[in-house]
Amino acid sequence: DAGVTQSPTHLIKTRGQQVTLRCSPISGHKSVSWYQQVLGQGPQFIFQYYEKEERGRGNFPDRFSARQFPNYSSELNVNALLLGDSALYLCASSPGRGFQETQYFGPGTRLLVL
Amino acid sequence: AQKITQTQPGMFVQEKEAVTLDCTYDTSDPSYGLFWYKQPSSGEMIFLIYQGSYDQQNATEGRYSLNFQKARKSANLVISASQLGDSAMYFCALGGGATNKLIFGTGTLLAVQP
């Protein structure tokens, strides 16, 4: 079975622009979570979506938004990009939404904001 | 508040030897789970092993085992018979509560030497 896929793999934007990142979960997985990983740090939780509803949100500004589609794929949008948004954005999927569910990560999207 | 602490920024180990990566945690959730992930230089987070807070036995997955000491709030990863391909960043993560949000530590960079 295919793993979690993300697109694009790399992205370069300038300050103030908007970006959309995409994620397709493992087949049968209904939960998708997004994480931001700044260089040299561990991933930070941004959002969890389960059955197309937001189930959790991390400590990120309103410039960050996301949604989940009927096929369980997901998009992460970031508006008014700042230099500090440069990071690896990771998507993870799991069958359900409980804490005991193992999350499987995609290869990530590397975003560089100039 | 939930917190993960990994105190070893980097470690060296000789090929075929065992190595222990330290992880301590803090949480107020009565039920929780601890995960270990491996992140090679490519960036993808690879799931290694999971331990639930109420599991009676320490988790094992092939060459990976988790030394879970609940009273000390530690969940150390033991890798037996290290291989060159084990060289990577290793993250400990804590899950708990109503979502599958993961709190990650800062990671330990493991270098396996021939």
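Relevant structure appears above.
Calculation criteria
Residues numbered from 1 in each chain as written. Chains lettered and ligands numbered in written order. Predicted model: local features only at pLDDT ≥ 70, side-chain atom pairs only at ≥ 80, totals over all residues. Heavy atoms only, no water. Helix = DSSP H or I, 4+ residues; strand = E, 2+ residues; numbered from the N terminus. Rg over C-alpha atoms; globule rule 2.2 N^0.38 Å. Buried < 20%, exposed > 50% of the residue type's maximum accessible area, 1.4 Å probe, protein only. Areas by Shrake-Rupley, 256 points an atom, 1.4 Å probe, with all protein chains shown as cover. Lys, Arg positive; Asp, Glu negative; His and termini not counted. Charge placed at Lys NZ, Arg CZ, Asp CG, Glu CD. Disulfide = S-S within 2.5 Å. Phe/Tyr/Trp six-rings, centres within 6.5 Å; stacked < 30°, edge-to-face > 60°. Contact = heavy atoms within 4.5 Å. Buried area = accessible area lost by both parts, 1.4 Å probe. Salt bridge = Lys/Arg side-chain N within 4 Å of Asp/Glu carboxyl O. Polar contact = N/O pair within 3.5 Å; in protein donor to acceptor, adjacent residues only side chain to side chain. Nonpolar A, V, L, I, M, F, W, Y, C, P; charged D, E, K, R; others polar. Patch = residues over 30% accessible without salt bridge, like charges linked within 9 Å, V, L, I, M, F, W, Y side chains within 5 Å. Pairing = 2+ DSSP bridges. Axes fitted to C-alpha atoms, helices over the stretch in contact; angles between N-to-C directions.

1. With respect to the overall build of chain A
- Within chain A one finds 0 helices and 11 strands.
- When the elements of chain A are put in sequence order from the N terminus, they spell out β-β-β-β-β-β-β-β-β-β-β.
- The C-alpha radius of gyration computed for chain A amounts to 13 Å, which stays within 12% of the reference 13 Å derived for 114 residues, consistent with globular compactness.
- Expressed along its principal axes, the backbone C-alpha trace of chain A runs to roughly 35 × 25 × 25 Å.
- Looking at the 114 residues of chain A, the share that counts as buried comes to 52%.
- For chain A, the exposed area adds up to about 5300 Å²; of that, 49% sits on carbon and sulfur atoms.
- Across chain A, the mean location of the 11 positive side-chain charges is 6 Å away from that of the 8 negative side-chain charges.

2. Some words on the state of the cysteines
Residue and element names in this part refer to chain B.
- Under the definition given, this model contains 2 disulfides over all chains.
- Disulfide pairing places cysteine 23 opposite cysteine 92 at an S-S distance of 2.0 Å. Of note, the bridge from cysteine 23 to cysteine 92 carries an S-S torsion of about -65° and is left-handed in sense. Taken as a pair, cysteine 23 in the loop between strand S3 (19-21) and strand S4 (24-26) and cysteine 92 in strand S10 (residues 88-96) lie far apart in primary sequence, 69 residues in all. For the pair cysteine 23 and cysteine 92, a shared accessibility class is recorded, and that class is buried.

3. A word on the packing of aromatic side chains
- Under the defined criterion, the tally for this structure stands at 16 aromatic pairs over all chains.
- A ring pair is formed by A:Phe47 and A:Tyr49, whose centres lie 6.1 Å apart and whose planes are at 55°; its orientation type is tilted. Here A:Phe47 matches A:Tyr49 in class, with each residue buried.
- When the ring of A:Tyr104 is compared with that of B:Phe47, the centres are 6.1 Å apart and the planes differ by 70°; the resulting orientation is edge-to-face. With A:Tyr104 in strand S10 (residues 104-105) and B:Phe47 in strand S6 (residues 46-52), the pair connects residues from two separate chains.

4. With respect to the interface of chain A and chain B
- If you look at the interface, chain A gives 28 residues, while chain B gives 25 residues.
- Carbon and sulfur atoms supply 55% of the area buried between chain A and chain B, which totals about 1800 Å² over both sides.
- Where chain A packs against chain B, one counts 0 salt bridges.
- Applying the counting rule to chain A against chain B returns 9 residue pairs in polar contact (both at pLDDT 80 or more).
- Contributing elements (two or more residues each) for the side of chain A that touches chain B: strand S4 (31-37), strand S5 (44-50), strand S6 (53-57), strand S9 (87-94) and S10 of chain A.
- When residues of the side of chain A that touches chain B are assigned to their parent elements, the largest contribution, 4 residues, is made by S4(A).
- Looking at the side of chain A that touches chain B residue by residue, the class counts come to 9 nonpolar, 15 polar and 4 charged.

5. Some words on a nonpolar patch on the surface
- Together, A:Ile12, A:Leu112 and A:Leu114 make up an exposed nonpolar region whose accessible area comes to about 300 Å².
- The exposure class assigned to A:Ile12 is exposed, which follows from its relative accessible area of 60%.

6. Digging into the pairing of S6(B)
- The pairing of strand S5 (residues 32-39) of chain B with S6(B) spans 6 bridges and is antiparallel. For B:Gly33, the partnering residue across the bridge sits in S6(B) and is B:Gly52.

7. Some thoughts on the sheet that holds strand S8 (residues 74-78) of chain A
Residue and element names in this part refer to chain A.
- Pairing is antiparallel in the open sheet, where 4 strands are placed in the order S1-S3-S8-S7. With one partner strand each, in any of the chains shown, strand S1 (5-7) and strand S7 (64-68) form the two edges of the open sheet. Each neighbouring strand pair of the sheet contributes to a mean axis angle of 15°, computed without reference to strand direction.
- Pairing of S7 with S8 involves 5 bridges; the strand directions are antiparallel. Bridge pairing links arginine 67 to glutamate 75 in S8.

8. Here's the deal with the side chain of A:Ser93
Residue and element names in this part refer to chain A.
- Tracing the backbone shows serine 93 in strand S9.
- Within the structure, serine 93 has its side chain in polar contact with the side chain of histidine 29 (distance 2.8 Å).
- Among all residues touching serine 93, those that are not within four sequence positions of it are Val4, Pro25, Ile26, His29, Ser31, Val32, Thr102, Gln103 and Tyr104.

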